[in-house]
Amino acid sequence: MEHAACDLLLVAGGDDLMWPSLPFAEELVARRTASGHSTRLVSSPDAGHRPRLPGEAPAPPSTAYVYGGSDEADAALGTAAWPHILETLQIM
């Protein structure tokens, strides 16, 4: 992935309890930067596995998975990421 010649946008929550999304995203940013490719990371230390984009309602609690974060933190991350998502899609 670090050699893919494309603009890449990563959105990661630091309180993701499914897997370490933020450390994985930070590692990928470092690898892509070292390879001369740009990558934008939008993150929040308090958000979990499922950021909520503007207009999305909170997902119902899962009986099988623990996602971390909170409705508020996940929504804030989605709101912060939304303009970058739109910008990235316009480039394509």
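Structure shown above.
Residues take numbers from 1 onward in each chain, read along the sequence in its written order. Whole-chain, interface and lining totals are the exception, using all residues; otherwise, since this is a predicted model, local features are given only for residues with pLDDT of at least 70 and side-chain atom pairs are given and counted only at 80 or more. Calculated side-chain values reflect all of the structure's heavy atoms, with hydrogen atoms and water omitted.

### A word on the pairing of strand 2 (residues 39-44)
Between any two strands, pairing holds if DSSP finds at least two bridges. Comment: elements are numbered from the N terminus, with helices defined as DSSP H or I runs of at least four residues and strands as E runs of at least two. Examined bridge by bridge, strand 1 (residues 8-13) and strand 2 share six bridges and lie parallel to one another. In the strand pairing of strand 2, L9 is matched with R40. Crossovers are marked right-handed if the path from the first strand over the helix to the second runs clockwise, as seen with the strands pointing away from the viewer. Taking the sense of rotation as the criterion, the β-α-β connection linking strand 1, helix 1 (residues 21-34) and strand 2 turns out right-handed.

### Considerations on the side chain of R52
For R52, the position within the fold is in the loop between strand 2 and helix 2 (71-91). Partly exposed describes any residue whose relative accessible area lies between the buried limit of under 20% and the exposed limit of over 50%, with all areas from a 1.4 Å probe on protein chains only and scaled to the type maximum. The positive count covers Lys and Arg only, the negative count covers Asp and Glu only, and His and the chain ends enter neither. For this document, the term salt bridge refers to a Lys or Arg side-chain nitrogen within 4 Å of an Asp or Glu carboxyl oxygen. Comment: no salt bridge for buried R52; closest opposite-charge side chain is E56, at 5.2 Å. Any pair of N or O atoms that falls within 3.5 Å is considered a polar contact. Within protein, one atom must be able to donate a hydrogen and the other to accept it, and sequence-neighbouring residues count only if both atoms are side-chain atoms. One polar contact links the side chain of R52 to the main-chain carbonyl oxygen of R50, over a distance of 3.0 Å. Setting aside its immediate chain neighbours within four residues, R52 contacts A57, P58, A59, D74, A75, G78 and T79. The criterion used for residue contact is that any of the two residues' heavy atoms lie within 4.5 Å.

### Let's talk about the packing of aromatic side chains
Working definition: an aromatic ring pair is given by the centre-to-centre distance plus the angle between the planes. Any two rings among Phe, Tyr and Trp, with Trp reduced to its six-membered ring, count as a pair given centres within 6.5 Å; such a pair is stacked if its planes are under 30 degrees apart, edge-to-face if over 60, and tilted if neither. Taken as a whole, this structure holds one aromatic pair when the rule is applied. For the pair Y65 and Y67, a centre-to-centre distance of 6.1 Å together with 45 degrees between the ring planes defines the contact as tilted. In this structure Y65 comes out as partly exposed when scored by relative accessible area, which is 47%. Its relative accessible area of 17% is what places Y67 among the buried residues. Two thresholds decide whether a charge sits over a ring: the Lys NZ or Arg CZ must be within 6 Å of the ring centre and within 35 degrees of the ring normal. Here R50 stacks its cationic end above the ring of Y67, 3.7 Å away from the centre of that ring.

### Observations regarding the layout of surface pockets
In this model, the largest pocket occupies a volume close to 170 Å³. Buriedness of a pocket was judged along seven lines, with at least five required to meet protein on both sides within 12 Å; pockets are open sets of points on a 1 Å grid over the protein atoms alone, cavities are sets where a 1.4 Å probe fits but cannot get out, and lining residues have an atom within 4 Å of a point. Forming the walls of the largest pocket are 13 residues, and the residues nearest its centre are R50, A59, G68, D71 and D74. All residues other than Ala, Val, Leu, Ile, Met, Phe, Trp, Tyr, Cys, Pro, Asp, Glu, Lys and Arg, Gly among them, are scored as polar; the first ten of these are nonpolar and the last four charged. Per-class residue counts for the lining of the largest pocket are five nonpolar, four polar and four charged. Grid points are joined across faces, edges and corners, and a volume is the space filled by probe spheres set on the points.

### Thoughts on helix 1
Since the α-helix advances by 3.6 residues per turn, residues separated by three or four positions end up pointing in the same direction. With 14 residues, helix 1 should cover 20 Å at 1.5 Å per step; its first-to-last C-alpha distance of 20 Å lies within 8% of that length. For helix 1, every residue scored as buried is listed here: S21, L22, A25, L28, V29 and R32. Within helix 1, the buried residues cover an arc of 125 degrees as seen down the axis, which keeps them to one side. Among the structural elements, strand 1 and strand 2 are those in contact with the buried residues of helix 1. Immediately downstream of helix 1, the backbone of G36 shows phi near 85 degrees, a positive value. Between the first and last residue of a helix there are one fewer steps than residues, each counted as 1.5 Å, and that sum is the expected span. Directions pointing from the helix axis toward each C-beta atom define the arc.

### Here's the deal with the pattern of salt bridges
The full count for this structure, using the stated rule, is two salt bridges. R40 is paired through a salt bridge with E87; the nearest N and O atoms lie 3.1 Å apart. On the criterion of sequence distance, the pair formed by R40 in strand 2 and E87 in helix 2 is long-range, its members being 47 residues apart. Since its relative accessible area comes to 37%, E87 is described here as partly exposed.

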